[in-house]
Amino acid sequence: MNKTILIGLDGATFKVLDPLMDDGVMPFLKRFLADGVRGELLSTPHPLTPPAWTTLMTGRNPGAHGIFDFLRAEIRPSGAFFTLNNFRDVQCETIWSIVGRAGGRSISLNFPLMAPPPSIPGSSIIPGLLSWRHLRRNIHPPSLYDELKALPGFSAAELSWDFESEKKALQHVPEEELEPWVRFHVAREHHWFTILKHLLTADPSWNLAAVIFDGVDKLQHGCWRFLDRAFLPAQPSEFELRMVELCREYFRVLDGFIREIVALAGPEAQVFIASDHGFGPTLRLFRVNAWLERNGYLKWPQGHTAREENDRRAGTTSHYVLFDWASTTAYAQSAATNGIHIRLRREDGDGGVAPEAYEGFRARLIDQLLAVRDPVTNTPFFKAILKREEVFPGPHQDKGPDLTLVPFDHGFLSVLEGEPVLSVRSMVMGTHWPEGVFMAGGPGISRGQDLERLSILDIAPTLLHSLGLEVPVDFEGRVIERAFEPAYLREHPVRVGRPTEPPRTYATTAKPGEGSDRSREEAGDDASSEDAMVLDRLRVLGYVE
Amino acid sequence: MSGETNGVKLDRETIFRDMVQILENMTSDWDTSHEGEIRPETRLIADLGFESIDVVQLVVDIEERYQRRDLPFEKLLMENDRYVDELQVGKAVDFLVTHLNQR
């Protein structure tokens, strides 16, 4: 099996990288691209970290792999329960597993949804999206943790996620905290680089080595105004100039890590760089549940208990709000997905949408959303309203929202109460845009090509082809053949092989009617309507604005 | 390690021992002020230094230990529409005694 490197740059966009390369901040990346290929990489229909990286790891869309969000709601006869998605929720085989079955060795660093880590022989897995408190117990093989602790300067706290800090990044980092916050991310990338360097050199028998540097995403969320010259004032303040330089320093350091990784990979390795999604500015804030309430689809709770709970959770930046389920037909479960769920009627009198009325109800909702106009430009606010079955084909599409909303500026929606429904942000923020990056270099890789729009679905088959493996027939993307030199492709033609294996399963004992809203409907729900109503009120999840 | 239930009824003592092992393994490198043994009256947040995200991980660890994903943790972790503010080890053991043996 060949040697292949994947460097993940979470949220990377050429809108930011090109000026940095032109200004000499990322000289290695500039040379790498001059000798290799590049192209825009289109993310999942809603460009969000968990579904997008899972698509990259599995070669399947969210309707197949089942990951739509950071969080998931388990609806059971006895109630609803919110928790974080984890590896056990990924319903398709990953590339690490495919490489392992073929007798190869993978290194997987900082990928989300990889905890608890699967026991893939020969693999080294350190998951991302994990608090330091749980890092030790979620590394494969377990003995790897002692190796990490022996590395100079190792700090589990600096390596791992701090969930309060991450939530802050999506909202607003106070100016006085911005500088240490950027430096924290520089330090964190250094830790991941050090671990990768150790693993590449300690046992050089690896085949696929991959790492995600996620500070790119974090910086762009909080520091877009310092990264995009269009938003920098003509006369920047001292603070703004300092922040511009600090952000450039982050990318300068990152460029150095990429240079060293390519050197460590050796002259025979092919190196791929990819992002899960792109980035761009967001200038508006749309309160989706407030809009649904105004248009008669949703009611906030009347009782003070739930309202107080909403206030309490808004104050503590928690992840969900409550609403009056019995009087609600459509609601946004999570701001992270920019999705609207339509509540289907389960029994007479429960107030949901009758199944036979679903299509008409949804069509009317789409028409109303498409009629929303931007208060500044008076143009349509939404670029598109995506139907679930059209963008998330697969057995797990019911875990996703019925409609995915695409605002013109791709901003995340707010799920909380508030006025006005649509407002102009006081300060530009960075947000996820669909157009990410793809780059490749090394022996057998074409030179100087700018490839047409590519799909994140194409990365998994391209990596397997680079390793010399067959591409599973059930992968949804295609090998990016133009990334390879014609002579290389003639010698190494794309081979399509057996389908992927089902993911690891153990005695999950979910009974019929449990696990998802739809399956519960199909099985017939025998919970009391009162219990169901109370617990369903808890189904609203999301980030606060 | 007790592992799967395999249809064998698990007694309270065994489940308590499992819980202590899970909690000790979770918290062994946390910088908490808790000293002494974990007892049924030990509180996860006040005594062991749990944060809300740690409860999510505890659920995963319990599910992995018993190879079960059907345990109705909402009955343990929610009261009157709200997540509980504190949880005693003994209450978690009571919950597991009831639900691990119901299949």
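Just above sits the structure.
S.K.: Explanation requested: the overall build of chain A in the structure shown.
M.R.: In terms of regular secondary structure, chain A is built from 19 helices and 20 strands. For chain A, the residues scored as buried account for 63% of the 545 residues in total. Taking the contacts inside chain A whose residues are at least 6 apart along the sequence as the reference set, 73% of them involve residues at least 24 apart. With the model as given, the accessible surface of chain A reaches about 20,000 Å², and the carbon-plus-sulfur share is 53%.

S.K.: For this particular structure, what's the right way to read the overall build of chain B?
M.R.: Along chain B, the regular secondary structure elements total 4 helices and 2 strands. Across chain B, helices and strands are ordered from the amino to the carboxyl terminus as α-α-α-β-β-α. Buried residues in chain B amount to 54% of all 103 residues.

S.K.: What should I look at first to understand the environment of A:Pro152 in this one?
M.R.: Note on placement: A:Pro152 falls in the loop between α6 (144–149) and α7 (156–159). Expressed as a C-alpha distance, the spacing of A:Pro152 and A:Ala265, which sit 113 residues apart in the sequence, is 21 Å.

S.K.: Can you walk me through the sheet that holds strand β8 (residues 270–274) of chain A in this structure?
M.R.: To summarise the sheet geometry, strands pair through backbone hydrogen bonds and adopt either a parallel or an antiparallel arrangement. Residues and elements named next belong to chain A. Read from one edge of the open sheet, 8 strands run β6-β5-β7-β1-β8-β16-β2-β17, paired in mixed fashion. Strands with a single pairing partner mark the edges of an open sheet, and in this sheet they are β6 (124–126) and β17 (449–455). Averaged over all pairs of adjacent strands, the angle between their axes in this sheet comes to 15°, without regard to strand direction. Taken together, the 6 bridges between strand β2 (residues 37–42) and strand β16 (residues 435–441) define a ladder with antiparallel strand orientation. In the sheet register, Gly39 faces β16, and the bridge partner there is Phe438. Each of β1 (4–9), β7 (208–213) and β8 touches helix α3 (residues 49–58); the most contacted strand, β1, lies at about 170° to it.

S.K.: Help me out: how do you make sense of the pattern of salt bridges in this one?
M.R.: For side chains of opposite charge, pairing can occur when their charged atoms come near one another. Residues and elements named next belong to chain A. Under the defined criterion, the tally for this structure stands at 44 salt bridges over all chains. Residue Arg284 pairs with Asp374 through a salt bridge whose shortest N-O separation is 2.5 Å. Linking Arg284 in strand β9 (residues 278–286) with Asp374 in the loop between α14 (358–370) and β13 (382–387), this pair joins segments that are 90 residues apart in sequence. What emerges from the salt-bridge pattern is a single network uniting Asp23, Arg229, Glu245, Arg248, Glu249 and Arg252.

S.K.: Before we go on, may I ask you to explain the packing of aromatic side chains in this structure?
M.R.: Two measures describe an aromatic ring pair: the distance that separates the ring centres and the angle between the ring planes. Enumeration over the complete set of coordinates arrives at 22 aromatic pairs over all chains. With 4.6 Å between their ring centres and 15° between their planes, A:Phe193 and A:Phe257 make a pair best called stacked. Within this pair, whereas A:Phe193 is found in helix α9 (residues 175–202), its partner A:Phe257 is found in helix α11 (residues 238–265), the two being separated by 64 residues in sequence. For A:Phe193, a relative accessible area of 5% puts it in the buried group. For A:Phe257, a relative accessible area of 6% gives the class buried. Between B:Phe73 and B:Phe95, the aromatic rings sit 5.2 Å apart at their centres with planes inclined by 40°, giving tilted as the arrangement. Taken as a pair, B:Phe73 in the loop between α2 (52–66) and α3 (74–77) and B:Phe95 in helix α4 (residues 89–100) lie far apart in primary sequence, 22 residues in all. We note that B:Phe73, like B:Phe95, is buried. Aromatic rings pair up to connect A:Phe286, A:Trp291, A:Tyr297, A:Phe361, A:Phe381, A:Phe382 and A:Phe408 into one cluster. Here the basic side chain of A:Lys3 rests over the ring of A:Trp206, its NZ or CZ set 4.2 Å away from the ring centre. A:Arg133 extends its terminal NZ or CZ atom over the ring of B:Trp30, reaching a point 4.1 Å from the ring centre.

S.K.: Would you explain the sheet that holds strand β11 (residues 330–331) of chain A in this entry?
M.R.: Residues and elements named next belong to chain A. An order of β11-β12-β14-β13 is seen for the 4 strands of this open sheet, with the pairing classed as antiparallel. In the strand order of this sheet, the two ends are held by β11 and β13, each with one partner. Here strand β12 (residues 339–342) pairs with strand β14 (residues 403–407) via 2 bridges, running antiparallel. The residue of β14 that forms the bridge with Gly339 is Thr404.

S.K.: So what exactly am I meant to see when it comes to the nonpolar core here?
M.R.: As a rule of thumb, nonpolar side chains are buried together in soluble globular proteins. Residue and element names in this part refer to chain A. Counting 70 residues, the largest nonpolar core has Leu17, Ile195, Phe213 and Phe251 as its most contacted members. Top element by residues in this core is α11. It accounts for 13 residues. Among residues more than four places away in sequence, those in contact with Phe213 are Ile7, Gly8, Leu9, Asp10, Glu189, Trp192, Phe193, Tyr250, Leu254, Phe257 and Ile261.

S.K.: Looking at this structure, how should I read the environment of A:Gly36?
M.R.: Inspection of the secondary structure puts A:Gly36 in the loop between α2 (27–34) and β2. Excluding residues within four positions of it along the chain, A:Gly36 makes contact with A:Ala440, A:Gly441, A:Ile445, A:Ser446, A:Arg447, A:Gly448 and A:Gln449.

S.K.: Mind showing me how you'd approach the packing of α2(A) against α11(A) here?
M.R.: Residues and elements named next belong to chain A. Remark: α2 packs on α11, axes separated minimally by 7 Å, with the N-to-C direction vectors making an angle of 50°. Here α2 is positioned oblique relative to α11, judged by the angle of their axes. On the side of α2, the interface is formed by Pro27, Phe28, Leu29 and Phe32, while α11 contributes Asp255, Ile258, Arg259 and Val262. Residues belonging to the contact of α2 with α11 are distributed by class as follows: 6 nonpolar, no polar and 2 charged.

S.K.: Quick question: what am I supposed to make of α14(A) here?
M.R.: For α14(A), which comprises 13 residues, the first-to-last C-alpha distance of 18 Å matches the rise-based estimate of 18 Å (1.5 Å per residue) to within 8%. Buried residues belonging to α14(A) abut α12 (288–294), β11, β12, β13, α15 (388–391) and β14 of chain A.

S.K.: So what exactly am I meant to see when it comes to the pairing of β16(A) here?
M.R.: Every other side chain in a regular strand lies on the same face of the sheet, so the side chains alternate between the two faces. Counting buried residues in β16(A) gives 7 out of 7 residues, a clear majority hidden from the surface. Across the two faces of β16(A) the burial is the same, with A:Glu435, A:Val437, A:Met439 and A:Gly441 and A:Gly436, A:Phe438 and A:Ala440 all buried.

S.K.: It is not clear to me how unusual backbone geometry should be interpreted in this structure. Could you clarify?
M.R.: Phi is mostly negative for residues that are not glycine, and the peptide bonds are mostly trans. All names here are of chain A. Following Ala115, the chain continues into Pro116 via a peptide bond in cis, with omega recorded as -10°. Note on placement: Pro116 falls in the loop between β5 (106–109) and β6. The backbone of Asn110 sits at a positive phi, close to 70°, despite the residue not being glycine. Overall, the relative accessible area of 3% leaves Asn110 in the buried class. The backbone of Asn378 shows a phi angle near 60°, a positive value even though the residue is not glycine. Tracing the sequence through the fold places Asn378 in the loop between α14 and β13.

Reading guide: rules and limits
Residues numbered from 1 in each chain as written. Chains lettered and ligands numbered in written order. Predicted model: local features only at pLDDT ≥ 70, side-chain atom pairs only at ≥ 80, totals over all residues. Heavy atoms only, no water. Helix = DSSP H or I, 4+ residues; strand = E, 2+ residues; numbered from the N terminus. Buried < 20%, exposed > 50% of the residue type's maximum accessible area, 1.4 Å probe, protein only. Contact = heavy atoms within 4.5 Å. Areas by Shrake-Rupley, 256 points an atom, 1.4 Å probe, with all protein chains shown as cover. Pairing = 2+ DSSP bridges. Axes fitted to C-alpha atoms, helices over the stretch in contact; angles between N-to-C directions. Salt bridge = Lys/Arg side-chain N within 4 Å of Asp/Glu carboxyl O. Phe/Tyr/Trp six-rings, centres within 6.5 Å; stacked < 30°, edge-to-face > 60°. Lys NZ or Arg CZ within 6 Å of the ring centre and 35° of its normal. Core = buried A, V, L, I, M, F, W, Y, C linked by side-chain atoms within 4.5 Å. Parallel < 35°, antiparallel > 145°, perpendicular 65-115°, else oblique. Nonpolar A, V, L, I, M, F, W, Y, C, P; charged D, E, K, R; others polar. Expected span 1.5 Å × (residues − 1).

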